[in-house]
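What the coordinates show
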There are 2 protein chains.
Amino acid sequence: MSTRFKLVLEYDGTGLVGWQRQDNGPSVQAALEAAVLAFTAETVTAVAAGRTDAGVHALGQVVHVDLARDWPPDTVRDALNAHLRPQPIAVLKAAAVAPTFHARFDAIERRYRYRLIARRSPLTLERGRAWHAPAELDQGAMAAAASQIVGHHDFTSFRAAECQAPSPVKTLDALEVSRQGDEIWVEARARSFLHSQVRIMVGTLKAVGEGRLTAADMARILAARDRAAAGVTAPPDGLYLVSVRYP
Amino acid sequence: MSTRFKLVLEYDGTGLVGWQRQDNGPSVQAALEAAVLAFTAETVTAVAAGRTDAGVHALGQVVHVDLARDWPPDTVRDALNAHLRPQPIAVLKAAAVAPTFHARFDAIERRYRYRLIARRSPLTLERGRAWHAPAELDQGAMAAAASQIVGHHDFTSFRAAECQAPSPVKTLDALEVSRQGDEIWVEARARSFLHSQVRIMVGTLKAVGEGRLTAADMARILAARDRAAAGVTAPPDGLYLVSVRYP
């Protein structure tokens, strides 16, 4: 009997090809599976709640792996961190869970944050960690636009061409725009999202903030069910998978 | 007649040898002077309020430079930013000032922030931007210790051997310890500081936070007037020059 461990991961997505193992560069999945191999000599498949894209960061990605022994959870956390070094990937928590727990299928809520910094000067310390908006953004207009698309809808307009979800219908539980100084956060909560949905919503909201679209346009774009109606896909560096919730 | 410009700079100190021009690597001063040369074909000497060390960051470093023409300040800011690219150095503000203004000698207050992150797991997104403390820190004890050394004192115990200040006597206006989640900030304000003073104070406060020293030890260390009595010099990556004040 193996033991299933639930891991909470934080990572800097810069320079990574994303969560999923790929041939063209370092992935979080491959790094974690290699750390497990170095720790217990077991070849495992790590399953994540959210398959973050290249360049996307995580503050609280959730993953499960099966290990042959029922290690003390803190030992799992510390050993994996030791083997992950010096990669910018850290296990924040480890816990033994029921063998039926599934990081991806059991998740009932995923929370993402997108950081925009609206200022004339280029970014320095926040480069690769936020989207630079050189012109002022109208936060009120962005918030009004965001409220137009919360709820149960066909999100085809906000879906990447490569999306493999069986249906474009999703329930967006929250899409909130807040501001502190020159930094604007767009926070999204849903059971699940379509591929690039958050980034396309943010790219469209930025156009609203710049006055190129109105809040009313947002409802029109949603109703169009056409990716071409929405704005650009926001770059990955501003996006953070904040947390994943389970029953 | 030339025009003196006051510039407010932000930079990521990672990979830089510090503010001051040196033979062994890229400095903020050399980058800024090169940007001026590219902009106006003038060879200038940039003077900064704080000569930050290698790896130290700035959110609001203040600098002055003299240019032959009285350019619109926004033109100076934008042109310098264009020429500073892609280095992680940005001019946040530019303003024409009196020809007698001196960024270093006229400063009446410098404010520094030191970021510590107390958690078991290694840092990822904050690597190079904070000091990782793997064990818990007692913020209350650190705050009590910090209060012991505020005021007008001989800070020889908190002075690097290479310090060239004529006197070790300084007035420390504030040394405050605050906490949000696992992040602890030590903020220091003074007209001026000795070389590495903030980093040695932080290194000593961390030892207090870990229980290796007490708040009372802090007063004893100050009174000793001996660098060997204090703690280690905290690494540069957690230190930020936040702002500089003028009359």
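Residues numbered from 1 in each chain as written. Chains lettered and ligands numbered in written order. Predicted model: local features only at pLDDT ≥ 70, side-chain atom pairs only at ≥ 80, totals over all residues. Heavy atoms only, no water.

**Points about the interface of chain B and chain A**
The cut-off we apply is this: When checking whether two residues touch, look at their non-hydrogen atoms; a contact exists if any pair is within 4.5 Å. Values labelled buried area give the accessible surface lost by two parts on being combined, using a 1.4 Å probe and summing over both. Here, a salt bridge means any Lys or Arg side-chain nitrogen found within 4 Å of an Asp or Glu carboxyl oxygen.
Listed by partner, the interface residues are 26 residues for chain B and 26 residues for chain A. Counting each side, the surface lost to burial between chain B and chain A is near 2,000 Å², with a carbon and sulfur contribution of 51%. Considering only the side of chain B, the residues that lose the most area to chain A are Pro122, Thr124 and Leu125 of chain B, jointly responsible for 31% of the buried surface there. Linking chain B to chain A there are four salt bridges. Residue arginine 119 of chain B pairs with glutamate 10 of chain A through a salt bridge whose shortest N-O separation is 2.8 Å.

**Some thoughts on the side chain of arginine 4 of chain B**
All names here are of chain B. Note the following rule: Segments assigned H or I by DSSP are reported as helices when at least four residues long, segments assigned E as strands when at least two residues long, and all are numbered from the N terminus. What qualifies as a polar contact is a pair of N or O atoms within 3.5 Å, subject to a donor-acceptor requirement within protein and to the restriction that residues adjacent in sequence count only when both atoms come from side chains.
Here arginine 4 is to be found in strand β1 (residues 3-11). Here the side chain of arginine 4 touches proline 99 through a polar contact of 3.2 Å, landing on its backbone oxygen. Excluding residues within four positions of it along the chain, arginine 4 makes contact with His64, Val65, Asp66, Ala95, Ala96, Val97, Ala98, Pro99, Thr100 and Phe101.

**Things to note about the environment of arginine 199 of chain A**
Residue and element names in this part refer to chain A. We count it as follows: Think of it in three bands: with a 1.4 Å probe and only protein chains considered, a residue is buried below 20% of the maximum accessible area for its type, exposed above 50%, and partly exposed in between.
Within the secondary structure layout, arginine 199 lies in helix α4 (residues 197-209). Note on arginine 199: relative accessible area 12%, which makes it buried. In the structure, arginine 199 is positioned 158 residues away from alanine 41 in sequence and 38 Å away in space, judged by C-alpha atoms. Every residue in contact with arginine 199, bar those within four places of it in the chain, is listed here: Asp53, Tyr114, Val232, Thr233, Ala234, Pro235, Pro236 and Leu239.

**Focus: the relation of the copies chain B and chain A**
Note that the two copies of the chain are related through a rotation about an axis and a translation along the same axis. The line we're drawing: The superposition of copies rests on a least-squares fit of C-alpha positions from residues with pLDDT of 70 or more in both.
It takes a turn of 180 degrees to lay chain B on chain A, together with a shift of 0.0 Å along the axis; the resulting RMSD is 0.0 Å. What we have between these two chains is a two-fold relation. The residues that chain B uses at the interface reappear at the interface of chain A in 100% of cases, marking a shared surface.

**Structural notes on the pattern of salt bridges**
Following the criterion strictly, the structure yields 38 salt bridges over all chains and no others. Between arginine 245 of chain A and glutamate 109 of chain A there is a salt bridge, with the nearest N and O atoms lying 3.4 Å from each other. Here arginine 245 of chain A, found in strand β10 (residues 239-245), pairs with glutamate 109 of chain A, found in strand β5 (residues 109-118); they are 136 residues apart in sequence, far enough to count as distant. In this structure, glutamate 126 of chain A and arginine 115 of chain A form a salt bridge, with 3.1 Å as the shortest nitrogen-oxygen distance. Remark: arginine 115 of chain A occurs in strand β5 and glutamate 126 of chain A occurs in the loop between β5 and β6 (131-133); sequence separation between them is eleven residues. Note on glutamate 126 of chain A: relative accessible area 27%, which makes it partly exposed. Among the residues examined, arginine 115 of chain A registers a relative accessible area of 11% and is labelled buried. Among the charged side chains, a network of salt bridges with common partners joins Asp74, Arg77 and Asp78 of chain A together with Arg120 of chain B.

**Observations regarding the packing of aromatic side chains**
Keep this limit in mind: For Phe, Tyr and Trp, rings pair up if their centres lie within 6.5 Å, where Trp contributes its six-membered ring, and each pair is then called stacked (planes under 30 degrees apart), edge-to-face (over 60) or tilted (otherwise). In our convention, an over-ring charge means Lys NZ or Arg CZ found within 6 Å of a ring centre and within 35 degrees of that ring's normal.
Counted by the stated rule, this structure contains ten aromatic pairs over all chains. Taking the centre distance of 4.7 Å and the plane angle of 45 degrees together, the rings of phenylalanine 39 of chain A and tryptophan 71 of chain A count as tilted. Of this pair, phenylalanine 39 of chain A sits in helix α1 (residues 28-40) while tryptophan 71 of chain A sits in the loop between β3 (57-67) and α2 (73-84); the two residues are 32 residues apart in sequence, bridging distant segments of the chain. With respect to class, phenylalanine 39 of chain A is no different from tryptophan 71 of chain A; both count as buried. If you follow arginine 113 of chain B out to its NZ or CZ, it ends over the ring of tryptophan 185 of chain B, 4.0 Å from the centre. Its guanidinium or amino end placed over the ring of tryptophan 131 of chain B, lysine 206 of chain B lies 4.2 Å from that ring's centre, counting from NZ or CZ.

**Focus: the packing of helix α3 (residues 139-147) of chain B against helix α4 (residues 197-209) of chain B**
Residue and element names in this part refer to chain B. Using the following cut-off: What counts as an axis is a line fitted to C-alpha atoms, over the stretch in contact for a helix, and the angles between N-to-C directions run from 0 to 180 degrees. Roughly parallel means an angle under 35 degrees; roughly antiparallel, over 145; roughly perpendicular, 65 to 115; everything else is oblique. Crossings are classed by handedness, with left-handed meaning an anticlockwise turn of the near helix from the far one by less than a right angle and right-handed meaning a clockwise turn. Each residue is assigned to one of three groups, with Ala, Val, Leu, Ile, Met, Phe, Trp, Tyr, Cys and Pro labelled nonpolar, Asp, Glu, Lys and Arg labelled charged, and all others, Gly among them, labelled polar.
Interhelical geometry of α3 versus α4 gives an angle of 135 degrees and a closest axis separation of 8 Å. By the angle between their directions, the pair α3 and α4 is classed as oblique. Here α3 runs over α4; the crossing is right-handed. Contacts from Ala141, Met142, Ala145 and Ala146 of α3 reach α4 at Leu205, Lys206, Val208 and Gly209. Each residue belonging to the contact of α3 with α4 can be placed in one class, and the counts come to six nonpolar, one polar and one charged.

**Focus: unusual backbone geometry**
Residue and element names in this part refer to chain A. A cis amide bond, omega 0 degrees, links arginine 85 with the succeeding residue proline 86. Turning to its location among the elements, proline 86 is positioned in the loop between α2 and β4 (89-97). Although it is not a glycine, arginine 225 adopts a positive phi angle of roughly 50 degrees. Mapped onto the elements of the fold, arginine 225 is located in the loop between α5 (215-224) and β10.

**A look at the domain arrangement of chain A**
Residue and element names in this part refer to chain A. Where we set the bar: Marked domain ranges trace back to an automatic or database domain assignment.
Annotation of chain A at the domain level lists domain 1 (3-97) and domain 2 (109-245). Each of domain 1 and domain 2 was reduced to a C-alpha centroid, and the two centroids are 27 Å apart. Contact residues are listed per partner, giving 15 residues for domain 1 and 16 residues for domain 2. At the boundary of domain 1 with domain 2, the tally comes to two salt bridges. In this structure, the salt-bridge partner of aspartate 53 is arginine 199, at a minimum N-O distance of 3.5 Å. On inspection of domain 1 and its partner domain 2, the count reaches ten residue pairs in polar contact (both at pLDDT 80 or more). Residues of the side of domain 1 that touches domain 2, tallied by class, amount to six nonpolar, seven polar and two charged.

**A word on the nonpolar core**
What counts, and what does not: We call a set of buried Ala, Val, Leu, Ile, Met, Phe, Trp, Tyr and Cys residues a nonpolar core when their side-chain atoms join them within 4.5 Å.
Within the largest apolar cluster, 76 residues are counted, with the highest numbers of intra-cluster contacts made by Leu7, Leu9 and Phe158 of chain A. A per-element tally of this core places α4 of chain A first, with seven residues. A domain-level breakdown of this core finds at least three residues from each of domain 1 (3-97) and domain 2 (109-245) of chain A. What phenylalanine 158 of chain A contacts, discounting residues up to four positions off in sequence, is Ile149, His195, Ser196, Gln197, Ile200, Met201, Thr204, Met218, Ile221, Leu222 and Ala230 of chain A. If you look at the next biggest cluster of nonpolar residues, it comprises 74 residues, including Ala31, Ala107, Met142 and Phe155 of chain B.

**Observations regarding helix α2 (residues 73-84) of chain B**
Residue and element names in this part refer to chain B. Our working rule: By this rule the span expected of a helix is its residue count minus one, scaled by 1.5 Å.
Between its first and last C-alpha atoms α2 spans 16 Å; for twelve residues at 1.5 Å apiece the expected length is 16 Å, and the two agree. Listed as buried for α2 are Val76, Arg77, Ala79, Leu80, Asn81 and Leu84. Looking at the buried positions of α2, the neighbouring elements they touch are β1, α1 (28-40), β3 (57-67) and β4 (89-97).

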